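# A structural walkthrough
Letter by letter, the chains look like this.
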Amino acid sequence: MGVFEMVKVNVPITPGGKLVRAHVVNPEHFAGYQNGVKILVPLLDHEGVHLVAEVIKERIDRGRDCPILVTGDRGAGKSTVILEIALEIDSKLDIDKIAFRLDDFNKIFNDNPPGGNGVYPQVILDEAGHALFAQDWMSRAQKIVAKQLIISRIKRQIIWFAVPRRMQLNNQLRDMPYIWIHVSEPAEYKQGYAQVHLSPPGPDQKWYLEKYWEPWCAFVYPELEGGLWDRYEKKKIDFVN
């Protein structure tokens, strides 16, 4: 058997072993090659949002924090997928949990209650590439964020970062996420495809210069309209201006 004939198939079970009911469109969706191995993952419909939300809540329920990195080209749907999953976790979430500046991020982080017992505090740092630009990683504000994330397990918070590419985050933050979601356009001008990566535990991680990620599942999602999305867009335009 040639090296490119080796296949690894992942299944949609949470890292804690919980089965989550979700509609699988294709149980063996091609997610690319990794170290010469063809990776097949389950492709879910919009219920993939629910699956990822359950993985995040499981993390908090087990006494951990849950930093999540969301990457993708500009306009590919990073903010949409963040808000859809965040709303699945907490239907009352609003723009007061979204930050575009480090000072606002710090305030939300500090004001959020500890997670656990059915409480899932979230903070969203949108446009993290702007706030945490890799070449500016030595700034005082970035050091504060890095230190907060080091101790964030104590408060068990859900922390979202949106940035086009992983390398645009400074190296103090790049490997802290528990989940990495990459969004892309399956066709020109068409949003709605996300690939979810997890980092398998175990001693092999020590051999990698950075955290080793594996595709875990993929899902499709629709556009988000009205309500929170309209308030989010207004807040983002205010930030851009």
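Rules used in this analysis
Residues numbered from 1 in each chain as written. Predicted model: local features only at pLDDT ≥ 70, side-chain atom pairs only at ≥ 80, totals over all residues. Heavy atoms only, no water. Helix = DSSP H or I, 4+ residues; strand = E, 2+ residues; numbered from the N terminus. Buried < 20%, exposed > 50% of the residue type's maximum accessible area, 1.4 Å probe, protein only. Contact = heavy atoms within 4.5 Å. Areas by Shrake-Rupley, 256 points an atom, 1.4 Å probe, with all protein chains shown as cover. Salt bridge = Lys/Arg side-chain N within 4 Å of Asp/Glu carboxyl O. Core = buried A, V, L, I, M, F, W, Y, C linked by side-chain atoms within 4.5 Å. Arc of directions from axis to C-beta.

### Looking at the overall build of the protein chain
Secondary structure assignment for the protein chain yields 6 helices and 10 strands. In the protein chain, buried positions account for 48% of the 241 residues. Sequence separation of 24 or more characterises 73% of the internal contacts of the protein chain that already satisfy a separation of 6 or more. Within the structure as shown, the protein chain displays about 12,600 Å² of accessible surface, and the carbon and sulfur contribution to it stands at 53%.

### Describing the pattern of salt bridges
Under the definition given, this model contains 7 salt bridges. For the salt bridge of lysine 18 with glutamate 54, the shortest nitrogen-to-oxygen distance reads 2.8 Å. Here glutamate 54 lies in helix α1 (residues 48–61) and lysine 18 lies in the loop between β1 (7–9) and β2 (24–34), a separation of 36 residues in the sequence. The exposure class of lysine 18 is partly exposed, given its relative accessible area of 40%. Close ionic contact of lysine 57 with glutamate 54 constitutes a salt bridge, the shortest N to O distance being 3.2 Å. Of the two residues, lysine 57 and glutamate 54 are both situated in helix α1; the distance of 3 residues between them amounts to about one turn of the helix. Look at the salt bridges and you will find they share partners, linking Lys18, Glu54 and Lys57 into a network.

### A few points about the nonpolar core
Of all hydrophobic cores here, the largest spans 43 residues; its most connected members are Ile56, Ile85, Trp160, Ile179, Ile181 and Phe219. Breaking this core down by element, the ones donating at least two residues are α1, β4 (66–71), α2 (78–89), β7 (158–162), β8 (179–184), β9 (193–198), β10 (214–220) and α6 (228–240). Per element, the largest residue contribution to this core is 7 residues, and it comes from α1. Not counting residues up to four positions away in its chain, the partners in contact with isoleucine 85 are Val49, Val52, Ala53, Ile56, Trp160, Ile181 and Phe219.

### Re helix α3 (residues 102–111)
Within α3 the residues assigned to the buried category are Leu102, Phe105, Asn106, Ile108 and Phe109. For α3, the arc enclosing every buried residue in end-on projection is 165 degrees, short of the 170-degree limit, so these residues lie on one face. Exposed side of α3, more than 90 degrees from the buried face: Asp103, Lys107 and Asp111 are the residues found there.

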